[in-house]
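Residue-level listing of the chains:
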Amino acid sequence: MIAPARRWAIAPTNVQRTTLVAFLCYFVMSGLLAPIGIVSGPMAARFGAPVAEITRQFSWLTVGNFVGAVLALAVLDRVPLRRLFLWLYGSIGAGLLSLGLLDSLGYAAFVLGLAGVGSGIGLAAAALTVSRTHDGERRASTLVLTDGCFSIAGFVCGWLAAYFTTLGFGGSSSYQFVGIVAAAIVGLRLVKSFPATSRADA
């Protein structure tokens, strides 16, 4: 028998895992935005482009996030959450982890746009997961905690970006770390069940 006080550490419940998935979705979005100002210089040196041009390429991330938020209005009614998290964060993770393999600014812009779209849909899916997993005061406090996770991710990923830059690892290293977090979401998505959407069973 597992002692009740140790159950979280040894065998997380389904609710706890789905909540953790939601927190990590917010972590990924913040982790994509926080390093922009820090990595622009190293990326400009890597691609041999002006810093202004590098900064402009990051607009694909923010535009993609807006597009994803709009697409979420239709997607969440039609795709089960469990499958959606697999598709979205599998693609985001693979794209971000591959950034260090190709010295192409165009490819980096494509990956940022893909990550933006995926994160836009993913944040909506995360909020839906929390709202249908928790009730009453617990729902409200959990939604507040997602904002806290967003803030913490900004600090962590910003610090990592600065640290990796001082080590000479290049501008893509902090995004590869975010890719690892996205891969963790894919692993956690193996949880037995997610809340059902209005037209699709999870």
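A few points on the structure. Model, not experiment: these values are computed from the prediction. (Residues numbered from 1 in each chain as written. Predicted model: local features only at pLDDT ≥ 70, side-chain atom pairs only at ≥ 80, totals over all residues. Heavy atoms only, no water.)

**Observations regarding helix α8 (residues 136–166)**
Each α-helix turn comprises 3.6 residues. Residues three or four places apart therefore point the same way.
Turning to step 1, where the next piece is worked out: Relative to the 45 Å expected for 31 residues at 1.5 Å per residue, α8 spans 46 Å between its end C-alpha atoms, a close match to the ideal helical length.
Turning to step 2, where the next piece is worked out: Thr142, Thr146, Cys149, Ala153, Cys157, Gly158, Leu160, Ala161 and Phe164 are the residues of α8 that are buried.
Turning to step 3, where the next piece is worked out: Looking at the buried positions of α8, the neighbouring elements they touch are α2 (14–33), α3 (36–47), α7 (105–133) and α9 (173–188).
Turning to step 4, where the next piece is worked out: Within two residues after α8, glycine 168 carries a phi angle of roughly 75°, on the positive side. (Helix = DSSP H or I, 4+ residues; strand = E, 2+ residues; numbered from the N terminus. Expected span 1.5 Å × (residues − 1). Buried < 20%, exposed > 50% of the residue type's maximum accessible area, 1.4 Å probe, protein only. Contact = heavy atoms within 4.5 Å.)

**Quick notes on the nonpolar core**
Turning to step 1, where the next piece is worked out: Val28, Leu32, Ile54, Phe58, Tyr89, Leu96 and Tyr175 are the most contacted members of the largest nonpolar core, which totals 51 residues.
Turning to step 2, where the next piece is worked out: A total of 11 residues in this core trace back to one element, the largest contributor, which is α7.
Turning to step 3, where the next piece is worked out: Not counting residues up to four positions away in its chain, the partners in contact with leucine 32 are Leu61, Leu96, Ala115, Ser119, Tyr175 and Val178. (Core = buried A, V, L, I, M, F, W, Y, C linked by side-chain atoms within 4.5 Å.)

**What about the packing of aromatic side chains?**
Turning to step 1, where the next piece is worked out: Overall, the coordinates contain seven aromatic pairs when judged by the stated rule.
Turning to step 2, where the next piece is worked out: Ring geometry for tyrosine 163 and phenylalanine 164: centres 6.3 Å apart, planes at 45°, overall tilted.
Turning to step 3, where the next piece is worked out: Grouping aromatic residues by their ring pairs yields a cluster made of Trp159, Tyr163, Phe164 and Phe169. (Phe/Tyr/Trp six-rings, centres within 6.5 Å; stacked < 30°, edge-to-face > 60°.)

**So, the pattern of salt bridges**
Turning to step 1, where the next piece is worked out: A full pass over the atoms with the stated rule returns two salt bridges.
Turning to step 2, where the next piece is worked out: Ionic pairing is found between arginine 56 and glutamate 53, a salt bridge with its closest N-O pair at 2.8 Å. Residue arginine 56 and its partner glutamate 53 are both found in helix α4 (residues 51–57); the two are separated by three residues, about one turn of the helix.
Turning to step 3, where the next piece is worked out: Taking relative accessible area as the criterion, arginine 56 reaches 48% and is therefore assigned partly exposed.
Turning to step 4, where the next piece is worked out: We classify glutamate 53 as partly exposed; its relative accessible area is 24%.
Turning to step 5, where the next piece is worked out: Among the ionic pairs, aspartate 135 bridges to arginine 139, the shortest N-O distance being 3.6 Å.
Turning to step 6, where the next piece is worked out: Given a relative accessible area of 59%, aspartate 135 falls into the exposed group. (Salt bridge = Lys/Arg side-chain N within 4 Å of Asp/Glu carboxyl O.)

The analysis is restricted to geometry; functional conclusions fall outside its scope.
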